[in-house]
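Geometric and topological summary
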Amino acid sequence: MSLVVKDLHAAIDGTEILKGLSLEVPKGEVHAIMGPNGSGKSTLSKVLAGHDDYEVTGGSVTMDGADLLELEIDERSRAGLFLAFQYPAEVPGVTMANFIRAARQARMPEGEELEAVSYYKDLYAKMDQLGIDRKFTARAVNEGFSGGEKKRNEVLQMMMLDPVYGIMDETDSGLDIDALKVVADGVNSMRSPGRGFLVITHYQRLLDYIEPDHVHVLADGQIVRSGGKDLALELEARGYDFLKEEVVVAG
Amino acid sequence: MEATLERGNVLEQPPENLEGVPAWFNESRQAGWKRFLELAMPTRRDEEWRFARLKQLDFEGVHLPDPEPPAGHRGAAGLEKRAARFGFINDTLNESEVNLPEGVICLPLDQALAEHGELVAEHFMKSESTLGSAKFTALHQAHLSTGMFIYVPDNVQVADPIEVFHWLSGDHIITFPHTLVVTGRNAQVSVVDYFQSDSTARNAWAIAVNDLVAGPGSQLNYLVLQDLCDQARMIQVNTTTVARDATAKSFILNVGTAWARQESLSRMEGENAHSDMISVSIARDAQEYDQRTFQHHVSPRSYSDLLYKNTLYDESRTVFSGLIQVDEGAHFTDAYQTCRNLMMSETAEANSMPGLEINADQVKCSHGSTAAMIDDEEIFYLRARGIKSQIARQLVAQGFSVEAITRLRNEALEEIVLSFSAREFSRISERVVT
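Let us look at the structure shown here. Given the structure is predicted, the values throughout are model-derived calculations rather than measurements.

On a plain count of helices and strands, chain B comes out with seven helices and 20 strands. Taking 22 Å as the expected radius of gyration for a compact globule of 434 residues, we find that chain B reaches 21 Å, a close match to that expectation. In terms of overall dimensions, chain B has C-alpha extents of about 65 × 65 × 50 Å along its principal axes. Of all 434 residues assigned to chain B, the portion counted as buried reaches 60%.

Encoded structure:
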């Protein structure tokens, strides 16, 4: 059982960004995607989540055998996909507690109401684990949150929604080292044989804390190289430029 | 054959003298009628009625209700903790419950006139109606027979809100709800006016006048929850005067009627007077909310802040016209005015006319109005968490109005407003089958 991306092509405003991307993330594994700015990292995460601005022009994505691209945005989430946003939206007037509650409620069978007491118990336990002040339940979603607070909040939502596949889009950007550790601990605590992760990052630093099973390098809309976690270290040492040379030589 | 009550059109029916009220009150009714006849109906050329749909001023066949109101009506459940609760059906008292501190006068207007005539006279309809509806204010003055008179003496604080329910029932009837609230020095009170009706109130009207007089250092909160049926119409004229060191907060929620015209004037008459004017309207179908406001700074060092938030669905329409006027000598005034419209459909229409007139120095004023469609990125974010599109739109729209509601800074009042607005949002959300 895996999240399988095959020869994926996607465009925005007629410009092709993903140019035949293939990737397989089996359950129980953490895969990292690294790549320079503009390589298509964020496009990949948005396309997987189903953002309307992106047009899939070819290829396929399946999640445990089911066609992901056939599903609506919210259906993908309920089917077990979670995207931790690089830039989470602010939603004025909607409290954190109500937001996550609505997301939980959406997973309930028709006509069944979420049980409030156990919901809050669960929410508070996870907030405590992530070092999020309980007062945040009454704050509007992401409004006035610092970069670190936003990212913790993304991980909190992931914990509360218990997805089968988690995509972390540049979760390390804008985080100081302490926040990075908290967020990484959160992700690590969720690693399990029944769950896969795709960690998208520009820097190797995050992978010191979330140790990947596989590392892929994305350049110009394609995976140009795959390897073990050492590949990340090599990239860190040599920069992305050496890859370009290799691609040119190979091409 | 049973004799049926003669039901003349209200616009052609002079008021009869009431019994058991001071002579001045009957004189006031006659004066109101005279003024009503003198004043012309609004026309398209009147600046105060710019963008207004004058065809809404339809009084064809509209008459005063039977003196015996239909029994058995009851409005919203209201608040759990309240200091008093009064209910009127078609301007006839049908329930009262009082648990007030000593010295507070909280009575139906007719009773207050009989028992505290001089006190009522001191404050009754003292303000000129200047925002367009003078003719209808005069009609109100001519025909009003009851209402609420609430007087909180110096240094008395009423902790829980006073609730007043105005219920409309019956075809083509017209009512004249009246609320007069006066607070003494350092007094404190919250009053909630509910306007509701059953579905028989077709082409029914409420022409309401509320006057709020906030004495020095007092705190006066006033809420209007307008939840009339879709075939009723309403004109409401609100005048607030705020004395030195007093804080007046008025809040209007619109979720009902075919058409509501609301004129709200707040006058800062003393230093450090503070006025908050807040409104939330949720318009759908062909509903129209036409709101005109006036923040009038007479005294220096006074403060006013207006926030009106409209959410517009379908073919609905809003008009906002607001003026901040800072009089000569009213230096060091802070006055703010914001009207925001959230457009939930391509066919809804929001009209805004903000205005400023400053005749003093050292003044901080701002005004602005916006109209925007719902933010796609917010919707994407919510949907990416598994929330269905329809619910996501509902949550974002609801969130938009919350900013205004939380300005009440009073948990019980916020809760009651939220219960009405949430009900309306889910009703709108559920009618579309996805």
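We now examine the overall build of chain A. Scanning chain A from N- to C-terminus turns up nine helices and twelve strands. A compact globule built from 251 residues would reach a C-alpha radius of gyration of about 18 Å, and chain A, at 18 Å, matches this within 12%. Based on the C-alpha atoms only, the size of chain A along its principal axes is roughly 60 × 40 × 35 Å. In chain A, which comprises 251 residues, the proportion classed as buried is 49%. Look at the contacts in chain A between residues 6 or more apart in sequence, and 68% of them connect residues 24 or more apart. Within chain A, the 42 negative side-chain charges are centred at a point lying 5 Å from the centre of the 26 positive side-chain charges.

Residue and element names in this part refer to chain A. Pairing in this open sheet of four strands is antiparallel, and the strands run β2-β1-β4-β5 from one edge to the other. Two strands bound the open sheet, and with one partner strand each, they are β2 (15-26) and β5 (66-67). Here strand β4 (residues 54-63) runs beside β5; their pairing, made up of two bridges, is antiparallel. Within β5, the residue paired with T62 across the bridge is D67.

Here the focus is the interface of chain B and chain A. On the side of chain A, 32 residues touch chain B, which itself brings 17 residues to the contact. Buried surface at the junction of chain B and chain A, summed over both partners, amounts to about 1,900 Å²; 65% is from carbon and sulfur atoms. Broken down residue by residue, the surface that chain B buries against chain A is led by F380, Y381 and R385 of chain B, which jointly contribute 41%. The tally of links from chain B across to chain A stands at three salt bridges. Connecting chain B to chain A are 14 residue pairs in polar contact (both at pLDDT 80 or more). Secondary-structure elements contributing two or more residues to the side of chain B that touches chain A are α5 (376-383) and α6 (389-405) of chain B. Looking at side-chain class alone, the side of chain B that touches chain A contains nine nonpolar, three polar and five charged residues.

Now for the pattern of salt bridges. Residue and element names in this part refer to chain B. The tally for this structure, following the rule as stated, stands at 41 salt bridges over all chains. A salt bridge links E47 to R50, with the shortest nitrogen-to-oxygen separation between them at 4.0 Å. The class of E47 is exposed, set by a relative accessible area of 53%. Given the relative accessible area of 39%, R50 is considered partly exposed. The residue E424 makes a salt bridge to R423 at a minimum N-O spacing of 3.9 Å.

Further remarks concern the packing of helix α1 (residues 23-38) of chain B against helix α4 (residues 134-143) of chain B. Residues and elements named next belong to chain B. It is at 7 Å that the axes of α1 and α4 come closest, and there the two elements cross at 150°. Viewed along their axes, α1 and α4 adopt a mutual orientation that is roughly antiparallel. In this structure, α1 crosses over α4, and the sense of that crossing is left-handed. Residues S28, R29, G32, W33, R35 and F36 of α1 form the contact with α4, whose participating residues are K135, A138, L139, Q141, A142 and H143. Broken down by class, the residue content of the contact of α1 with α4 amounts to five nonpolar, four polar and three charged.

Conventions adopted
Residues numbered from 1 in each chain as written. Chains lettered and ligands numbered in written order. Predicted model: local features only at pLDDT ≥ 70, side-chain atom pairs only at ≥ 80, totals over all residues. Heavy atoms only, no water. Helix = DSSP H or I, 4+ residues; strand = E, 2+ residues; numbered from the N terminus. Rg over C-alpha atoms; globule rule 2.2 N^0.38 Å. Buried < 20%, exposed > 50% of the residue type's maximum accessible area, 1.4 Å probe, protein only. Contact = heavy atoms within 4.5 Å. Lys, Arg positive; Asp, Glu negative; His and termini not counted. Charge placed at Lys NZ, Arg CZ, Asp CG, Glu CD. Pairing = 2+ DSSP bridges. Buried area = accessible area lost by both parts, 1.4 Å probe. Salt bridge = Lys/Arg side-chain N within 4 Å of Asp/Glu carboxyl O. Polar contact = N/O pair within 3.5 Å; in protein donor to acceptor, adjacent residues only side chain to side chain. Nonpolar A, V, L, I, M, F, W, Y, C, P; charged D, E, K, R; others polar. Axes fitted to C-alpha atoms, helices over the stretch in contact; angles between N-to-C directions. Parallel < 35°, antiparallel > 145°, perpendicular 65-115°, else oblique. Left-handed = near helix turned anticlockwise from the far one by under 90°.

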